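Close look at the chain arrangement
Spelled out, the chains give:
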Amino acid sequence: MAEAFPYRSWSRCVEEYGLEPGRCGTIPYVSHREINVAREALEDKLIFAYEEVDFLYSIVGRIGYCVTLTNADGVTVAERADRSSRYYSDTERPGSVWSERHAGTNGVGTCLRDAGVTSVFQDEHFFEDFIEMSCAAVPLFAPDCSLWAAMNITVRNPNLQRETHQIALEVVRKSAERLSEAVFRRTYANRTILKLWRPDGQPCLLAIDADHAVVGADLAARQLLSLPKTDFTPFSLWRLFTRDPSALRDRAGPTLPLELIRLDGSPLRGYAYGPQREIAPAAPRARAASASAAPGSAPAVSVAGEPAPVGLDQWAGAEPRMTRNVHILRRLAHTGLPILVLGETGVGKDTLARAYHAQSPRAAQPFVALNCAAMPETLIESELFGYAGGAFTGARKEGSAGRFVQAHGGTLFLDEIGDMPLHLQTRLLRVLESGEVAPLGSGKIQRVDVQVIAATNQPLEPRIAQGAFRADLYYRLAGVVINVPSLRERADKEAVIDACIARTAGRLGLKVAPAARALLLRHNWPGNLRELYLVVNRAASLAENGVIEPHDLLLPVAMAPTVTPASSGWAPAAEAPARVGPAGVRARVDAVERAAILDNIEACHGDIAAAAHNLGMSRATLYRRLKAHGITRR
Ligand SMILES: Nc1ncnc2c1ncn2[C@@H]1O[C@H](COP(=O)(O)OP(=O)(O)OP(=O)(O)O)[C@@H](O)[C@H]1O
């Protein structure tokens, strides 16, 4: 006979994990970086989870509980708590790992191990350290039924009543249901969702397409309807229910109460929710391929194709100003406030807009971009607001909807907003205020609902002072202002460079010589991330023998570090000796190499063996290169 809770978990602790009852010692923590990796992996779900954690905390926080969300390995990725509360246990911080293997019987770990709702009340914990604590955790399953997280509440209160804890557990259960439903709906945003109530009161979800084929089912539905947990193949809804297509005909707007009769005659009641949008046109991703590309703007050259889209946490890296920005954006994601992104060229403003959209509630709707600096004034107007057929010479016969209408329901990204001509600023302001667009030459007015994100690399205050940018438009666009620091200002510059190497050279199995990495770290990066990615991608194409050397980086010599020759005892000749062969690339490569050699000798105080090691070359090669560059010992 199977052992009852908590004995089966206690037996595992002793027999499987070799834990000794008594004191636990310390709970393991993962690093900041690992927390970010864990969050990144769940990003499409966390956008809903953060809000749900807040919601749950607004209820159970009042009776002293803190709320945590962990990934499937028990790593805490989100937490809401009152740290000053006497009921707070600081072992619940982000990064703490609550696997059963480490922490013995506990809410999160045991819930994840059993893949079931778990309440661990006080001395049901395996370790003595936790016997004043009570926790309740509910597993979260993705639409494909994989276990992705646990939603948990914990309180350190020796006087807690078991009944109170039971009620709190039911609240967590409901909260977890809401979160799973949000993730399911987002996954099947373009399908009709059927939410049916199981006889035990638990909701179950099906996603069906226009032909009534079941294309998705959550775990509760699969259990109720005896559907396979893996290898799900779409099938007709009428294999489960008595055929009645009229039950699904929309008579009451987007939400339709419905009753379906199972083949055994039992009814299931619930609701049908229409698709969030028919079929959302694919968002144009590659800048070069979209009308948003600025002519002449440097595309991110990729030797391995278009890099994978960047998520919000990845965008932020470990730079505190960026993570704060992401935090603010997440908190305000549901308000639809316009966002104004400010920062130098190439810092990732466009990338942020796309990442934000992809993780916003509008993700299933279009992302439409317009670069205001990239097209003539007359075109911006018709591109943005649309036009009727034949509205002007050269206009398309059928007219054009315009980017505002194309973005309806989704996100409109207005890049280089500082370059928008003044008279169009007035028109834009009117649309933003009224939520209505009137395409050129047409009397028709269309209502639009768009999340506007504007970006610029020009400081707008001087433009406002000069009268080149409308102050009222600025305030209308600046619902949330996000300042993106330049690469050289970032506290995590080294990590950003390493991530770039990993995403580009690393993916191709190339190594980066220490001297080349050192050069990347020292460079000033006026072009920011765009320049960084361009340099490393280009070096990956130039590298020989699987290693990127300093000369492969082709960094402009003016940007390369300079040295004072006296301290190292080595000095360049007044001018480098003339080189045979074509000037151009080779000459630039030589110049970079020369600067890197001098810099390394200086850094190693003239120790040639150490400098050669840093540069990733033998001593003999370094002497040869010194000779070739005309560098001699003083
Ligand atoms: N966090 C990131 N991780 C990896 N690559 C990034 C990141 N942020 C930006 N990039 C890359 O850096 C380049 C420049 O980014 P992006 O176009 O978003 O900058 P921008 O600030 O919008 O530039 P501009 O001001 O010129 O419009 C792109 O190739 C983008 O893929």
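The name an unreviewed UniProt entry gives the protein is Sigma-54-dependent Fis family transcriptional regulator, with Ancylobacter koreensis as the organism.

1. Considering the site of the ligand
Close contacts around the ligand come from 20 residues, with Thr345, Lys349, Asp350, Thr351 and Tyr533 the closest. Take Lys349: an N or O atom from its side chain is 2.6 Å from an oxygen atom of the ligand. In the model, an oxygen atom of the ligand is placed 3.4 Å from a nitrogen or oxygen of the Asp415 side chain. For the shell around the ligand, the elements supplying multiple residues, two or more each, are α8 (312-316), α10 (349-358) and α18 (528-542). Of the residues contributing to the shell around the ligand, the split by class is six nonpolar, six polar and eight charged. Two domains each donate at least three residues to the shell around the ligand, and these are domain 3 (287-485) and domain 4 (492-633).

2. What to know about the packing of aromatic side chains
Evaluated as defined, the whole model comprises 10 aromatic pairs. Ring centres of Phe184 and Tyr188 lie 4.9 Å apart, and the angle between their planes is 50°; on these two criteria the pair is classed as tilted. Taking relative accessible area as the criterion, Phe184 reaches 1% and is therefore assigned buried. Taking relative accessible area as the criterion, Tyr188 reaches 17% and is therefore assigned buried. A connected cluster of aromatic rings, assembled from ring pairs, spans Trp98, Phe126, Phe127 and Phe130. Over the ring of Trp148 we find Lys45; its NZ or CZ atom is 5.6 Å from the centre of that ring. Note that Arg178 overlies the ring of Phe55, its terminal NZ or CZ placed 3.9 Å from the centroid.

3. Considerations on the environment of Leu332
For Leu332, the position within the fold is in the loop between α9 (320-331) and β12 (339-342). Under the relative-accessibility criterion, Leu332 is labelled partly exposed at 28%. Between the C-alpha atoms of Leu332 and Val480, which are 148 residues apart in sequence, the distance is 8.6 Å. In this view, Leu332 contacts Tyr356 and Val480; residues no more than four positions away in its chain are not counted.

4. A few points about the sheet that holds β12
Read from one edge to the other, the open sheet built from five strands follows the order β13-β14-β17-β12-β18, with strand pairing classed as parallel. Unpaired on one side and paired on the other, β13 (367-371) and β18 (480-483) mark the two borders of the sheet. Averaged over all pairs of adjacent strands, the angle between strand axes in this sheet comes to 15°, irrespective of strand direction.

5. Quick word on the confidence of the model for the protein
When pLDDT is averaged along the protein, the result is 82, and 84% of the positions lie at 70 or above. When mean pLDDT is taken per element in the protein, strand β4 (residues 133-141) scores highest with 97 and helix α19 (residues 565-568) scores lowest with 44.

6. Concerning the pairing of β13
Regular strands place side chains that alternate from one sheet face to the opposite one. For β13, a buried count of five out of five residues is recorded, marking the element as mostly surrounded by other parts of the structure. Alternating residues of β13 divide into Phe367, Ala369 and Asn371 and Val368 and Leu370, and every residue in both groups is buried. In terms of strand pairing, β13 meets strand β14 (residues 411-415) through five bridges, oriented parallel. Bridge pairing in β14 links Val368 to Leu412.

7. Thoughts on α9
The end-to-end C-alpha distance of α9 is 16 Å, a good match for the 16 Å that 12 residues give at a rise of 1.5 Å each. For α9, the complete set of buried residues consists of Met322, Asn325, Val326, Leu329 and Arg330. The buried residues of α9 all sit within an arc of 130° when viewed along its axis, so they share a single face. Contacts made by the buried residues of α9 are with α3 (43-60), α8, β12, α10 and β18.

8. Overview of the pairing of strand β3 (residues 118-121)
Covered by surrounding structure in β3 are Thr118 and Val120 together with Ser119 and Phe121, the residues of both alternating faces. Looking at chain direction, β3 and β4 are connected through four bridges and run antiparallel. Across the sheet, Thr118 pairs through a bridge with Ala137, a residue of β4.

9. Some remarks on the nonpolar core
Formed by 55 residues in total, the largest nonpolar core has its most connected members in Leu69, Trp148, Met151, Ile153 and Leu179. The dominant element in this core, judged by the number of residues it contributes, is α3, at eight residues. Viewed by domain, this core spans two of them, domain 1 (7-176) and domain 3 (287-485), each represented by three or more residues.

10. Looking at helix α13 (residues 422-434)
Its 13 residues give α13 an end-to-end C-alpha distance of 19 Å, which sits within 8% of 18 Å, the value for a rise of 1.5 Å per residue. Leu424, Gln425, Arg427, Leu428, Leu429, Val431 and Leu432 are the residues of α13 that are buried. Buried residues in α13 make contact with α11 (377-385), α12 (403-406), β14, β15 (436-437), β17 (451-456) and α15 (471-477).

11. With respect to the pattern of salt bridges
Applying the stated criterion across every chain, the model contains 29 salt bridges. Glu52 is the partner of Arg178 in a salt bridge, and the nearest nitrogen-oxygen pair spans 3.0 Å. Separated by 126 residues along the polypeptide, Arg178 in helix α6 (residues 162-187) and Glu52 in helix α3 bring together distant segments of the chain. Judged by its relative accessible area of 42%, Arg178 is partly exposed. Linking Arg185 and Glu181 is a salt bridge whose minimum nitrogen-to-oxygen distance equals 3.1 Å. Of the two residues, Arg185 and Glu181 are both situated in helix α6; the distance of four residues between them amounts to about one turn of the helix.

12. Some details on the sheet that holds strand β2 (residues 76-80)
In space, the five strands of this open sheet follow the order β2-β1-β5-β4-β3, with antiparallel pairing throughout. The sheet terminates laterally at β2 and β3, the two strands that pair on one side only. When the angles between neighbouring strand axes are averaged without regard to direction, this sheet yields 15°. As paired elements, strand β1 (residues 66-71) and strand β5 (residues 147-156) share six bridges and run antiparallel to each other. Paired with Val67 across the strands is Ile153, a residue of β5. Here α3 sits on the sheet and contacts β1, β2 and β5; the angle it forms with β1, its principal contact strand, is near 155°. Packing of helix α5 (residues 107-114) onto the sheet brings it into contact with β1, β3, β4 and β5, and relative to β5 it is tilted by some 150°.

13. Focus: the packing of α3 against α6
Direction vectors running N to C along α3 and α6 enclose 155°, while the axes themselves pass 10 Å from each other. Considering their axes alone, α3 and α6 lie roughly antiparallel with respect to each other. Considering only the axes of α3 and α6, their crossing is right-handed. For the pair α3 and α6, the contacting residues are Asp44, Lys45, Ile47, Phe48, Ala49, Glu52, Phe55, Leu56, Ile59 and Val60 in the first and Val171, Val172, Ser175, Arg178, Leu179, Ala182, Val183 and Arg186 in the second. Residue composition of the contact of α3 with α6, by class: 12 nonpolar, one polar and five charged.

About the cut-offs
- Starting afresh in each chain, residues are numbered from 1 along the sequence in its written order.
- Reporting in this predicted model follows two pLDDT cut-offs: at least 70 for local features of residues, and 80 or more for side-chain atom pairs to be given and counted; totals over whole chains, interfaces and linings ignore these cut-offs and use all residues.
- Note that water and hydrogens are dropped before the side-chain values are worked out from all heavy atoms of the structure.
- Any residue with a heavy atom lying within 4 Å of a molecule or strand is counted as near it.
- Any pair of N or O atoms that falls within 3.5 Å is considered a polar contact. Within protein, one atom must be able to donate a hydrogen and the other to accept it, and sequence-neighbouring residues count only if both atoms are side-chain atoms.
- Where helices and strands are cited, they refer to DSSP runs of H or I of at least four residues and of E of at least two residues respectively, numbered from the N terminus.
- All amino acids are sorted into three groups, where Ala, Val, Leu, Ile, Met, Phe, Trp, Tyr, Cys and Pro are nonpolar, Asp, Glu, Lys and Arg are charged, and the leftover types, Gly among them, are polar.
- For every domain, the bounds stem from an assignment made automatically or drawn from a database.
- In summary, the pairing rule links any two rings of Phe, Tyr or Trp, Trp by its six-membered ring, whose centres are within 6.5 Å, and it sorts them by plane angle into stacked for under 30 degrees, edge-to-face for over 60 and tilted for everything else.
- Type-normalised accessible area, obtained with a 1.4 Å probe on protein chains alone, sets the label of each residue: buried when under 20%, exposed when over 50%, and partly exposed for intermediate values.
- Criterion for a charge above a ring: Arg CZ or Lys NZ at most 6 Å from the ring centre, at most 35 degrees from the ring normal.
- Here, two residues are considered to be in contact whenever any of their heavy atoms come within 4.5 Å of each other.
- In short, DSSP must find at least two bridges between two strands for them to pair.
- Lines are fitted to the C-alpha atoms to define the axes, a helix being fitted only along its stretch in contact, and any angle between axes, read from their N-to-C directions, falls within 0 to 180 degrees.
- Scored between 0 and 100, pLDDT is the confidence that the predictor attaches to each residue.
- By this rule the span expected of a helix is its residue count minus one, scaled by 1.5 Å.
- It is the directions from the helix axis to the C-beta atoms that the arc portrays.
- By nonpolar core we mean a set of buried residues, namely Ala, Val, Leu, Ile, Met, Phe, Trp, Tyr and Cys, connected to one another through side-chain atoms within 4.5 Å.
- In what follows, salt bridge is the name for a side-chain nitrogen of Lys or Arg lying within 4 Å of a carboxyl oxygen of Asp or Glu.
- Just so you know how the angles are binned, under 35 degrees is roughly parallel, over 145 roughly antiparallel, 65 to 115 roughly perpendicular, and the rest oblique.
- Helix crossings are classified by the rotation of the near helix relative to the far one: an anticlockwise turn of less than a right angle makes the crossing left-handed, while a clockwise turn makes it right-handed.

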